[in-house]
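Here are the chains, one letter per residue:
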Amino acid sequence: MAETAPSTADQFRKLATSPNKLRLFMLAKLPMAYMADLRVRSISEERAEVTIPYKYLNKNPFGSIYFASLSMAAELSTGLLCMAQTYKSDPGVSMLVVHMEGDFSKKAVGKITFTCEDGPSIKAAADQTKVTGAGVTVVATSIGTDESGDKVAEFRFTWSLKAKLKV
């Protein structure tokens, strides 16, 4: 029985969970994420988890993680799911954050984990633009929790996905 080749989404997830390859990618393309020490804890078709530690480079004067650093980790958790659907796709798909909202409920100290569980809706949006060529937006929510499991922040990112026209 012949084995099926891994999908491009599976290939991307394998790359994203390789610590060395991900660190090199961040150093080259997302240097602030590299310096903030963002880590991909897990990624599947349905969800992605990204962690950010409290450390000198991302702290604020109030003894917690700076909100911009939190938003960076939250965006990565949603963006990984988008990238999995657009990686080596045919046709190619452009992706861009067009809106962001955030709510903060507790001081963010220690290691914060951002989880996005919107993989199915992101996949549907990517599939739609690949078929129709029309731009599609999808809202992806990422919830940040501290080491005790308490919610510290919730972000909603509106991603625009658009298939690139073949010339």
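As a convention, each chain's residues are numbered from 1 in the sequence order in which they are written. The predicted nature of this model means local features are confined to residues of pLDDT at least 70 and side-chain atom pairs, given and counted, to a pLDDT of 80 or more, with totals for whole chains, interfaces and linings taken over all residues. The side-chain quantities take in all heavy atoms of the structure and omit both hydrogens and water.

Caption draft 1: Examining the layout of surface pockets more closely. Computed from the structure, the largest pocket encloses a volume of approximately 200 Å³. Elements are defined by DSSP. Helices are runs of H or I of four residues or more, strands are runs of E of two residues or more, and each kind is numbered from the N terminus. Of the residues forming the lining of the largest pocket, the biggest block, 6 residues, is contributed by helix H4 (residues 67–86). By residue class, the composition of the lining of the largest pocket is 10 nonpolar, 1 polar and 1 charged. The definitions used throughout rest on a 1 Å grid laid over the protein atoms alone, on which a cavity is an enclosed set of points accommodating a 1.4 Å probe that cannot get out and a pocket is an open set flanked by protein within 12 Å on both sides along at least five of seven lines; lining residues are those having an atom within 4 Å of a point. Grid points are joined across faces, edges and corners, and a volume is the space filled by probe spheres set on the points. All residues other than Ala, Val, Leu, Ile, Met, Phe, Trp, Tyr, Cys, Pro, Asp, Glu, Lys and Arg, Gly among them, are scored as polar; the first ten of these are nonpolar and the last four charged.

Caption draft 2: Summary view of the packing of helix H1 (residues 8–16) against H4. Working convention: axes come from line fits to C-alpha atoms, limited for helices to the stretch in contact. Angles between N-to-C directions cover 0 to 180 degrees. Packing of H1 against H4 leaves a shortest axis separation of 7 Å and a crossing angle of 135 degrees. The angle between H1 and H4 places the two elements in the oblique class. Crossing hand, H1 versus H4: right-handed. Where H1 abuts H4, its residues Thr8, Ala9, Phe12, Arg13 and Ala16 lie against Leu80, Met83, Ala84 and Gln85. In this scheme, roughly parallel covers angles under 35 degrees and roughly antiparallel covers those over 145, while 65 to 115 is roughly perpendicular and the rest are oblique. The handedness criterion is simple: a crossing whose near helix is rotated anticlockwise from the far helix by less than a right angle is left-handed, and one whose near helix is rotated clockwise is right-handed. We call two residues in contact whenever any of their non-hydrogen atoms come within 4.5 Å of each other.

Caption draft 3: Geometry of H4. Each residue after the first adds 1.5 Å to the expected span of a helix. For H4, spanning 20 residues, the distance from its first C-alpha to its last is 28 Å, which sits close to the expected 28 Å at 1.5 Å a residue. Consider a residue and the seven residues that end there alongside the seven that start there; fitting an axis to each set, the bend is the angle between those axes. Along H4, the helix axis deviates most sharply at Gly79, where the bend reaches about 25 degrees. Using a 1.4 Å probe on the protein chains alone, a residue whose accessible area is under 20% of its type maximum counts as buried, one over 50% counts as exposed, and one in between counts as partly exposed. With respect to burial, H4 is a largely interior element, 16 of its 20 residues being buried. Just downstream of H4, Lys88 is the residue with a positive phi angle, here 50 degrees.

Caption draft 4: Fine view of the pattern of salt bridges. What counts as a salt bridge is simple: a side-chain nitrogen of Lys or Arg found within 4 Å of a carboxyl oxygen of Asp or Glu. This structure, assessed with the given rule, holds 12 salt bridges. One salt bridge connects Arg13 with Asp10, and the closest N-O pair in it is separated by 2.5 Å. Taken as a pair, Arg13 and Asp10 lie in helix H1 at a separation of 3 residues, close to a single helical turn. For Asp10, a relative accessible area of 38% gives the class partly exposed. Where Arg23 meets Asp37, a salt bridge forms, and the shortest distance between an N and an O atom there is 3.5 Å. With Arg23 in helix H2 (residues 19–29) and Asp37 in the loop between helix H3 (31–35) and strand E1 (39–43), this pair connects stretches of sequence that are 14 residues apart. Judged by relative accessible area, Arg23 falls into the buried class, the value being 18%.

Caption draft 5: Spotlight on the nonpolar core. Core analysis: the biggest nonpolar cluster contains 40 residues, and Leu38, Ile43, Ile52, Leu70, Leu80, Ile112 and Phe114 have the highest contact counts within it. Tallying contributions element by element places H4 first for this core, with 9 residues. Contacts of Ile43, omitting those with residues within four sequence positions, involve Phe12, Arg13, Ala16, Thr17, Ala48, Leu80 and Leu81. Residues belong to a common nonpolar core when they are buried Ala, Val, Leu, Ile, Met, Phe, Trp, Tyr or Cys residues joined through side-chain atoms within 4.5 Å.

Caption draft 6: Representation of a nonpolar patch on the surface in the model. Taken together, the side chains of Leu24, Leu27, Met32, Tyr34, Met35, Tyr56 and Leu57 define a hydrophobic patch exposed on the protein surface, amounting to about 770 Å² of accessible area. Elements supplying a minimum of two residues to the nonpolar patch: H2 and H3. With 3 residues, the single largest contributor to the nonpolar patch is H3. Turning to its location among the elements, Met35 is positioned in helix H3. Among the residues examined, Met35 registers a relative accessible area of 39% and is labelled partly exposed. Patches in this entry comprise residues that are over 30% relatively accessible and not in a salt bridge; like charges within 9 Å are linked, as are nonpolar side chains (Val, Leu, Ile, Met, Phe, Trp, Tyr) within 5 Å. For accessible areas, the Shrake-Rupley method is used with a probe of radius 1.4 Å. Any residue's cover is judged against the shown protein chains and nothing else.

The analysis is restricted to geometry; functional conclusions fall outside its scope.
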